[in-house]
Amino acid sequence: MAVQTLEQKLAILSDAAKYDASCASSGSTRRDSRDGTGLGSNEGSGICHAYAPDGRCISLLKILMTNFCIYDCSYCINRVSSNVARARFGVDEVVNLTVEFYRRNYIEGLFLSSGVIRSPDATMSDMVRIARKLRHEENFRGYIHLKTIPDAAPELIAEAGLLADRLSINVELPTDAAVAQYAPEKKPAQIRKAMADVRLRKEAAREISFGGKRPPRFAPAGQSTQMIIGADGSNDATVLGQSTRLYSSYKLKRVYYSAFSPIPDSSSRLPLVRPPLQREHRLYQADWLLRFYDFQLDEITSVTADGNLDLEVDPKLAWALVHRGFFPVDVNRGSREMLLRVPGFGVKTVNRILTTRRHRTLRYEDLGRMGAAMKKARSFVTAGGWSPGALTDSANLRARFAPPPQQLSLF
Ligand code: SF4
C-alpha cells in the first residue's frame, strides 16, 4: 500500500468517524489554563460548536485512530469484510493533530474511537497512550472523549477514565439477540460489565477517604453509549426500553441513537435500506420526555399499535392527540405534571408559568413571551382571555400539525 500523507489519513479517518454519534462537552469539571500553566480549557469563551448538516456536533476533532478492524459487525462500514479505503494514525500523529487544531481554535477537544487492530488490549492501549501523552506531556486541558473497547483489560479502561472527560462503551444494538446476529464477536455481558465497572469507578472517585483525601477524578463528564437503530427489526418500544434500563443501571449521561446508514458495497450482509433520520430524531425527543418530562415508557410507545413512534408529529404531541380528554389544561391552575404534557411547553416555560401565576393571572399573550410554542400549545390550554373551544376535540386537529401527504414519485 502506498504511504499515505497525514491529510489523506485525516480525510479517511474523520469521514469514518461520522458514524459515531457523540456530542456535547457539557457536564465535565472545569479545567482552565488561562493562568498559563497548561494548554487549552474545556469551557469558557472562544469555544464554538459546529453542527454537521445531519445535526451532529463537530466541535471536537472527531476521528478514528484506525478504521482497520478485525471484527465483522454487519452494520459497520469498517468491518473487516468491507471494501473501504483504510488508514491508521500513529499515537504521535493523533497527539500532534489534536494540539495543532486546538492551538488554532478549530476544536475544543478530541473524540477518539477506533476499529479493533491486533487485539482489544493492543487497541485500547494505544488509545490510552494518546490520552496520556496529551495530558501528561502536552499538558492538554481540553475535552477528551474516548470510545472504549469493552473487551479490553479493566486496568486499561480504568486508566482511560483517569485521563478522559467522558468514556463511552457502545451497547451496539437494542437486544442481545441482535448483537449475537449482527456483531457475533461482541459479547453483551462483557459490554454490560465494562459499563458497570465505569459506573463503580466513577462513584468510588467521589468518595472522600477518612483522611479527607479526594481520589483522582474519573470520567467527570460521565459515560455514554450508542445504539444503532434500524439495523435489526427492533421497534421503538424495544429501543427506548433498552435505553431506559441503561440510564438507570449505569447512570449514563446519554444514549446516542444512530440511524443505520450503510454505504452500498457488495459485502454487506444487511439490506441496503436507509431508515429515515426522522426516526433517530423522534427517538431523541422521546428519550428527552422520559428523562425530563415524567413520561412513562408505555405512555409514549402505546400511542401507535406497532410500538413505533409517530414519525409525522413529535412524541408529546402524538400523546396529546390521543389523550385529548386531559386537555385543555388551565395554565393558571393546572399541575406541573399536566403543564409539562402540553405540546409546545418546555421545562423552562412551565417553571416560568408556575412562578408568575403566584402573583397574577396569566393571559394568552404571556405564554409566548415565556417561551411557549403557541402554534402547538393553543389547542391544549386555557388562559386569561383564551379558550380553544371546540378546537381541542376537532377532527382535523392532527392534520394541522402533520405534514400534508405527498404524491410519491413514479420514476
Ligand atoms: S468492532 Fe467497531 S469498528 Fe470493528 S466492525 Fe465492529 S463496530 Fe465496526
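Here the structure is shown first, and the text comes after it.
Residues numbered from 1 in each chain as written. Predicted model: local features only at pLDDT ≥ 70, side-chain atom pairs only at ≥ 80, totals over all residues. Heavy atoms only, no water.

Chemist: Help me understand the pattern of salt bridges in this model?
Modeler: Pairs can form between side chains of opposite charge whenever their charged atoms are close. Inspection of the entire model under this criterion finds 23 salt bridges. A salt bridge links D15 to K18; the nearest nitrogen and oxygen atoms lie 3.0 Å apart. Overall, the relative accessible area of 38% leaves D15 in the partly exposed class. For K18, a relative accessible area of 40% puts it in the partly exposed group. (Salt bridge = Lys/Arg side-chain N within 4 Å of Asp/Glu carboxyl O. Buried < 20%, exposed > 50% of the residue type's maximum accessible area, 1.4 Å probe, protein only.)

Chemist: Even after reading the chapter, I still don't get the site of the ligand, so can you show me in this structure?
Modeler: Around the ligand, a shell composed of C69, Y71, C73, C76, R79, G115 and K186 is seen. Classifying every residue of the shell around the ligand by side-chain character gives four nonpolar, one polar and two charged. (Near = heavy atom within 4 Å. Nonpolar A, V, L, I, M, F, W, Y, C, P; charged D, E, K, R; others polar.)

Chemist: What is the right way to read helix α8 (residues 277-292) from this model?
Modeler: Each turn of an α-helix holds 3.6 residues, which means side chains three or four residues apart point in the same direction. For α8, which comprises 16 residues, the first-to-last C-alpha distance of 23 Å matches the rise-based estimate of 22 Å (1.5 Å per residue) to within 8%. Immediately downstream of α8, the backbone of D294 shows phi near 60°, a positive value. (Helix = DSSP H or I, 4+ residues; strand = E, 2+ residues; numbered from the N terminus. Expected span 1.5 Å × (residues − 1).)

Chemist: How should helix α10 (residues 315-322) be read in this particular structure?
Modeler: Extensive coverage of α10 is indicated by the burial of seven of its eight residues. Buried within α10 we find P315, K316, L317, A318, W319, A320 and L321. Buried residues belonging to α10 abut α8, α9 (297-301), α14 (374-377) and α15 (397-401). (Contact = heavy atoms within 4.5 Å.)

Chemist: Hey, could you run me through unusual backbone geometry in this one?
Modeler: Residue P328 is reached from F327 by a cis peptide bond, and omega for that bond is 0°. Of note, P328 is situated in the loop between α10 and β7 (329-330). In this structure, R118 takes a positive phi of about 60° despite not being glycine. Counting through the fold element by element, R118 comes out in the loop between β2 (109-113) and α3 (120-137). For R118, a relative accessible area of 54% translates into the label exposed. With a phi angle near 55°, N139 is a residue other than glycine that sits in the positive phi range. Classification of N139 as partly exposed rests on a relative accessible area of 29%.

Chemist: Could you clarify how one ought to interpret the pairing of β2 in this entry?
Modeler: Sheet faces and side chains relate simply in a regular strand, where the side chains alternate between the two faces. The buried fraction of β2 amounts to five of the five residues, a majority that puts the element mostly inside the structure. On β2, burial covers both faces: G109, F111 and S113 on one face and L110 and L112 on the other are all buried. One ladder, built from four bridges, connects strand β1 (residues 61-64) with β2; its direction is parallel. Residue pairing in the sheet places I63 in a bridge with L112 of β2. Read from β1 through helix α2 (residues 91-103) to β2, the crossover connection turns out right-handed. Relative to strand β3 (residues 143-147), β2 runs parallel, the two sharing four bridges. (Pairing = 2+ DSSP bridges. Right-handed = clockwise from strand over helix to strand, strands pointing away.)

Chemist: Just to check I follow, could you spell out the sheet that holds β1 for this structure?
Modeler: Hydrogen bonds between backbone groups are what pair the strands of a sheet, and the pairing can be parallel or antiparallel. What the six strands build is an open sheet, ordered β1-β2-β3-β4-β5-β6; its pairing is parallel. Each edge of the open sheet carries a strand with a single partner, namely β1 and β6 (254-259). Taking the axes of each pair of neighbouring strands and ignoring which way they run, one obtains an average angle of 20° across the sheet. (Axes fitted to C-alpha atoms, helices over the stretch in contact; angles between N-to-C directions.)

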